[in-house]
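Residue-level listing of the chains:
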Amino acid sequence: MRRLKNYSKSVGYYFTDDFQEPTATRIFHKVLVVYTLLRMTLVWPLSRMVMSYHSISLPKSLPGKLLLGGAFLANQHVDVFFGIGVLLLVVILFTNVNYIGNLVFFYLTFNLYVINLPIADGSDVVLFMLSLWCIPIATLPVISNERGKVIQKVLYNLALLFCQIQVAYIYFISGLDKLMSDTWRSGVAFDYIRHLEVLYNPVLPPIFASEFWNIIFSWSTILFELSFVFLVWNRSIRLPMLLIGCIFHLFIWIVLSLPDFALIMITSYLVFLKDSDYDRIKSWVKRRLPSR
Amino acid sequence: MGIAAVLVVFLHILFSIFVLLTPGKHNAKSLGKLYNQLVLLGPFFTESRIKTSPHLYISFKVKDTWSPFVDHGLANFKSYCEHPWRYGKLHYGDFERYISLQIGEQIRHKEFKGMGSSRAFRELNQFIVQEVISRQVDSVSLVYGLNVYLPETKTVRFDTVFKYTYNPSVIAPSKKL
């Protein structure tokens with residue numbers, strides 16, 4: 001019991017000691033904002049078209065109205081919502097990460113998801129969940145009293161870990177579902193995918209025509225998705241795992257025409273990077289730059 | 001404080017596993033349901049998602065001549081695949097498929113009260129007339145269904161969900177432009 005208590009205490013220091021990976025976390029946060037800015041700009045004309053014909057059913061309760069105020073606005077004036085949204089994102093991007101900015105960021109992504117429900121895919125829900133966990137990931141305003149400082153650090157580190165767990169869950173659930181499915185285990189899933197006219201890229205040559213390769217593709221997907229949740233925490237396998245993940249999502253982007261999902265998942269990988277990774281990149285670049 | 005944080009993480013993981021192991025056993029407004037929908041995201045490529053693909057075929061009549069049935073959503077998707085920088089084309093068909101799915105669900109649950117009374121149908125009609133056809137037409141014919149691939153025979157079967165031929169001018173617009 002005492003050993004468990006001591007172990008918990010030492011693990012607990014992870015949360016109370018300091019803000020974990022501040023540089024890497026700040027980069028993750030900023031890239032997530034850039035992704036949202038890109039997404040918002042790209043879907044703006046589409047949303048304008050959708051909102052010309054479609055009305056969003058919104059809640060009648062006051063908390064519901066407050067939470068979905070952006071969607072209420074978009075129901076009547078879609079351009080005003082997107083205009084304000086883009087402007088706010090630019091402000092969030094160029095200011096230091098703070099709680100108010102994070103709250104506004106979550107508010108925007110959540111309303112964007114509701115507005116774009118008719119044209120949304122998995123990427124929108126991943127985005128607003130990451131932005132939800134990101135709310136406590138802020139070091140500003142600086143809290144002066146000691147107890148407040150500790151609470152700020154704990155919330156920051158917890159939120160960072162919850163972001164990582166959220167991403168790991170996505171793979172684990174997908175992998176588990178595929179493992180349970182005979183269609184995936186037998187490789188027939190890729191034969192089905194090849195015939196999905198509204199998803200499968202017709203420009204590509206028929207890559208899922210071979211039964212043998214379909215089984216290989218199927219089991220590679222299952223193994224990658226199931227192992228990600230365990231291996232991404234391992235110091236020596238973390239980076240290769242993320243690299244494989246990037247290739248996996250780029251493949252899905254091209255073959256299944258899912259650019260949004262690929263981009264949000266690759267962006268989410270930044271939450272697994274450490275400050276030391278960026279230091280290594282920096283020194284690698286410095287070594288290759290001609291010395292003056 | 002550190003131990004409390006460890007406990008929160010532990011409970012978060014434990015509760016996620018519990019929800020994962022007890023699917024469909026959580027009330028609509030329970031924490032379990034919330035976890036199921038928001039924390040445990042996915043799976044995104046379920047069997048049902050890859051086994052069928054939705055299609056909406058549209059034909060219209062001008063001066064006693066019917067145009068051929070065309071799946072405009074699919075045509076836009078193909079256009080995106082050939083020109084991947086045309087991002088708008090990728091999601092163009094999503095809206096009509098989303099509304100068609102809603103109409104299909106209303107029919108399935110016997111909630112569809114006729115073309116003029118259904119908000120979803122009015123939205124679909126207005127979208128098709130103004131966005132897809134973009135001209136004065138006498139009649140419109142819609143066929144919405146699912147393409148089901150049969151790997152045993154390597155054939156594709158089309159299952160019709162709804163089929164309507166109507167005069168679009170008698171359907172009230174869903175939103176005033």
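To keep things clear, this report deals only with the structure shown in the data block.

**Looking at the overall build of chain B**
Of the regular secondary structure elements, chain B holds 6 helices and 4 strands. If you list the helices and strands of chain B from N to C, you get α-α-α-β-β-α-α-α-β-β. Radius of gyration (C-alpha) of chain B: 22 Å, far over the 16 Å computed for a compact globule of 177 residues. Projected onto the principal axes, the alpha-carbon positions of chain B cover approximately 75 × 40 × 35 Å. Sequence-distant contacts, at least 24 apart, represent 55% of the contacts inside chain B between residues at least 6 apart. Across chain B, the mean location of the 22 positive side-chain charges is 5 Å away from that of the 13 negative side-chain charges.

**Details of the interface of chain B and chain A**
Interface size, as often reported, equals the accessible area lost upon joining of the parts. Residue-level contacts link 58 residues of chain B with 71 residues of chain A. Taken together, the two surfaces of chain B and chain A that pack against each other cover about 5700 Å², and 71% of this comes from carbon and sulfur. Remark: the boundary between chain B and chain A carries 1 salt bridge. Notably, a salt bridge pairs K154(B) with D191(A), separated by 3.1 Å at the nearest N-O pair. Put simply, chain B and chain A have 17 residue pairs in polar contact (both at pLDDT 80 or more) between them. At the level of elements, α1 (2-21), α2 (31-39), α3 (47-51), β1 (52-62), α4 (72-82), α5 (87-108), α6 (119-133) and β3 (139-150) of chain B are the ones that each hand at least two residues to the side of chain B that touches chain A. When the residues that make up the side of chain B that touches chain A are grouped by side-chain class, the tally is 32 nonpolar, 14 polar and 12 charged.

**A word on the sheet that holds β1(B)**
Residues and elements named next belong to chain B. As summarised here, the arrangement of the 4 strands in space is β2-β1-β3-β4, forming an open sheet in which the pairing is antiparallel. Single-partner strands in this sheet number two, and they are β2 (65-66) and β4 (155-166). As paired elements, β1 and β2 share 2 bridges and run antiparallel to each other. In the sheet register, K61 faces β2, and the bridge partner there is W66. In this fold α5 packs onto β1, β3 and β4, with an angle of close to 80 degrees to the strand it touches most, β4.

Definitions and cut-offs
Within each chain, residue numbers correspond to sequence positions counted from 1 in written order. All chains are assigned letters beginning with A, and all ligands numbers beginning with 1, in the order in which they are written. Since the coordinates come from a predicted model, pLDDT governs what is reported: local features require at least 70, and pairs of side-chain atoms require 80 or more to be given and counted, while whole-chain, interface and lining totals use all residues. Processing note: side-chain calculations cover all non-hydrogen atoms of the structure and skip hydrogens and water entirely. We count a stretch as a helix when DSSP gives it H or I for four or more residues in a row; a strand needs E for two or more, and each element gets its number in order from the N terminus. Radius of gyration here uses only the C-alpha atoms, and the compact-globule reference equals 2.2 Å multiplied by the residue count raised to the power 0.38. In this analysis, two residues are considered to be in contact whenever any of their non-hydrogen atoms come within 4.5 Å of each other. His residues and chain termini do not enter the charge count, which takes Lys and Arg as positive and Asp and Glu as negative. Charge coordinates come from a single atom per side chain, which is NZ of Lys, CZ of Arg, CG of Asp or CD of Glu. Accessible surface is computed with a 1.4 Å probe, and the buried area is the amount of it that two parts give up when combined, taken over both parts together. Criterion for a salt bridge: a side-chain nitrogen of Lys or Arg within 4 Å of a carboxyl oxygen of Asp or Glu. Pairs of N or O atoms are called polar contacts if they sit within 3.5 Å, as long as, within protein, a hydrogen donor faces a hydrogen acceptor (for residues adjacent in sequence, only side-chain-to-side-chain pairs). For this scheme, ten residues count as nonpolar: Ala, Val, Leu, Ile, Met, Phe, Trp, Tyr, Cys and Pro. Four count as charged, namely Asp, Glu, Lys and Arg, and the remainder, Gly too, count as polar. Should DSSP find at least two bridges between two strands, the strands are regarded as paired. Comment: axis = line fitted to C-alpha atoms, over the contacting stretch for helices; angle = value between 0 and 180 degrees taken between N-to-C directions.

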